[in-house]
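Residues per chain are reported as follows:
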Amino acid sequence: MANTPSAKKAVRKIERRTEVNRSRRSRVRTFLRKLEDALTAGDATAATQAFKAAEPEIMRAVTKGVLHKNTASRKVSRLAARVKQLGA
């Protein structure tokens, strides 16, 4: 348990940041789920649209510190390959 005033403040800050990060992570997952549904359905146009919406959201999560840069790049790369394969 936090005893010092600075530690108590740090706990409060962490709780606020956790809420924000949870919201951002949830938003990214929603976009990924929509893309995954389009890929599963085999709809190339819907998958392309969903990918175009999901990619900036994933990269925005990187700038906000929710995802690591390499993790996001790997996800985008793999998703792009799946969308491309569906379209071919």
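Residues numbered from 1 in each chain as written. Predicted model: local features only at pLDDT ≥ 70, side-chain atom pairs only at ≥ 80, totals over all residues. Heavy atoms only, no water.

This part is about the nonpolar core. Leu35, Leu39, Ala47, Phe51, Ile58, Leu79 and Val83 are the most contacted members of the largest nonpolar core, which has 17 residues in total. For this core, the secondary-structure elements that each account for two or more residues are α1 (5–41), α2 (44–63) and α3 (69–87). For this core, the leading source of residues is α2, giving seven residues. (Core = buried A, V, L, I, M, F, W, Y, C linked by side-chain atoms within 4.5 Å. Buried < 20%, exposed > 50% of the residue type's maximum accessible area, 1.4 Å probe, protein only. Helix = DSSP H or I, 4+ residues; strand = E, 2+ residues; numbered from the N terminus.)

With that settled, the discussion passes to the pattern of salt bridges. Working definition: two side chains of opposite charge can pair if their charged atoms are close together. In the structure shown here, the tally under the stated rule is four salt bridges. For Glu19, the salt bridge is made with Arg22, and the minimal N-O distance between the two is 2.7 Å. In this pair, Glu19 and Arg22 are both assigned in helix α1, three residues apart and thus about one turn of the helix distant. The salt bridge involving Glu36 is made with Arg82; its shortest N-O contact spans 2.7 Å. (Salt bridge = Lys/Arg side-chain N within 4 Å of Asp/Glu carboxyl O.)

To continue, consider the packing of aromatic side chains. If you walk through the whole model with that rule in mind, you get zero aromatic pairs. Of note, Lys34 hangs over the ring of Phe31, and the distance from its end group to the ring centre comes to 5.7 Å. (Phe/Tyr/Trp six-rings, centres within 6.5 Å; stacked < 30°, edge-to-face > 60°. Lys NZ or Arg CZ within 6 Å of the ring centre and 35° of its normal.)

To continue, consider α2. Given a rise of 1.5 Å per residue, 20 residues ought to cover 28 Å, and the 29 Å separating the end C-alpha atoms of α2 matches this to within 8%. For α2, the full list of buried residues reads Ala47, Ala50, Phe51, Ala54, Glu57, Ile58, Ala61 and Val62. Following α2 by one or two positions, Gly65 adopts a phi angle in the positive range, close to 85 degrees. (Expected span 1.5 Å × (residues − 1).)

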